[in-house]
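Single-letter residue listing:
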Amino acid sequence: MAKGIIIREAHFPGKAAIEAYGNGGFRFADMSHRGSLLVLPSGIHGWEPADPQALKASDFDRLLAEADRVEILLVGMGRDLRPLPASLRAALKEAGISADPMSTGAAVRTYNVLLAEDRAVAAALIAVD
């Protein structure tokens, strides 16, 4: 007997370049994802920060759990650049992670270059329309 639909957390278990972004989502590894992404050494995860306009350290719990494998965090803030809140920047610094906020497009391009160089990079990408 069929069990019905099983909804699972969005997760791609590997590293992949981001092939495209826009229309509220991203394409990577011949797949697409609607919504924001947290790209970590453990894979690419669907990500829904509580308030994309006011990021908090708690939005990055999964990243902080992998802090020993990340040196650089690229934060795609959407279409417009905004500074990271001081409390978030302090939490990332304490974990040994250098964070660079930029537009999502710039973050995608920079992530792909650093990934190709096999750098210890992660990205938090807020989806844009």
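Nothing here was measured: the structure is a model prediction, and the numbers come from that model.

Asker: Honestly, the overall build of the protein chain in this entry has me stumped. Any pointers?
Answerer: Summing up its helical and strand segments, the protein chain has three helices and nine strands in all. Along the protein chain, helices and strands appear, N-terminal first, in the series β-β-β-β-β-β-α-β-α-β-α-β. Taking 129 residues into account, the globule formula puts the C-alpha radius of gyration at 14 Å, and the protein chain, at 14 Å, falls close to it. The proportion of buried residues among the 129 residues of the protein chain is 43%. Taking the contacts inside the protein chain whose residues are at least 6 apart along the sequence as the reference set, 66% of them involve residues at least 24 apart. Total accessible area on the protein chain is roughly 7,300 Å²; 51% of this is exposed by carbon and sulfur atoms.

Asker: What am I meant to see in the packing of aromatic side chains here?
Answerer: Enumeration over the complete set of coordinates arrives at two aromatic pairs. Measuring from ring centre to ring centre gives 5.3 Å for Trp47 and Phe60, while their planes differ by 55 degrees; the resulting arrangement is tilted. Of this pair, Trp47 sits in strand S6 (residues 43-47) while Phe60 sits in the loop between S6 and helix H1 (61-65), placing them 13 residues apart in sequence. Taken as a pair, Trp47 and Phe60 share a single burial class, namely buried.

Asker: Is there a simple way to think about the sheet that holds strand S2 (residues 18-22) in this case?
Answerer: Hydrogen bonds along the backbone pair up the strands of a sheet, which may run parallel or antiparallel. The strand order S2-S3-S4 describes an open sheet built from three strands, whose pairing is antiparallel. Among the strands making up the open sheet, the edge pair consists of S2 and strand S4 (31-34). Adjacent strand axes in the sheet meet at a mean angle of 15 degrees when their direction is disregarded. Strand direction decides the pairing type here: strand S3 (residues 25-28) and S4, joined by four bridges, are antiparallel. Of the residues in S4, the one forming a bridge with Arg27 is Ser32.

Asker: Please clarify how the sheet that holds strand S7 (residues 72-76) should be interpreted in this entry.
Answerer: With mixed pairing, six strands are arranged side by side in an open sheet as S1-S6-S5-S9-S7-S8. Sheet topology places strand S1 (11-12) and strand S8 (98-102) at the edges, where each strand pairs with a single neighbour. Summarising the sheet, strand S5 (residues 36-40) and strand S9 (residues 121-125) pair through three bridges and their orientation is antiparallel. In the strand pairing of S9, Leu38 is matched with Ala124. In the packing of helix H3 (residues 104-116) onto the sheet, the strands contacted are S5, S7, S8 and S9, and the crossing angle to S7 comes to about 150 degrees.

Cut-offs used in this document
Residues numbered from 1 in each chain as written. Predicted model: local features only at pLDDT ≥ 70, side-chain atom pairs only at ≥ 80, totals over all residues. Heavy atoms only, no water. Helix = DSSP H or I, 4+ residues; strand = E, 2+ residues; numbered from the N terminus. Rg over C-alpha atoms; globule rule 2.2 N^0.38 Å. Buried < 20%, exposed > 50% of the residue type's maximum accessible area, 1.4 Å probe, protein only. Contact = heavy atoms within 4.5 Å. Areas by Shrake-Rupley, 256 points an atom, 1.4 Å probe, with all protein chains shown as cover. Phe/Tyr/Trp six-rings, centres within 6.5 Å; stacked < 30°, edge-to-face > 60°. Pairing = 2+ DSSP bridges. Axes fitted to C-alpha atoms, helices over the stretch in contact; angles between N-to-C directions.

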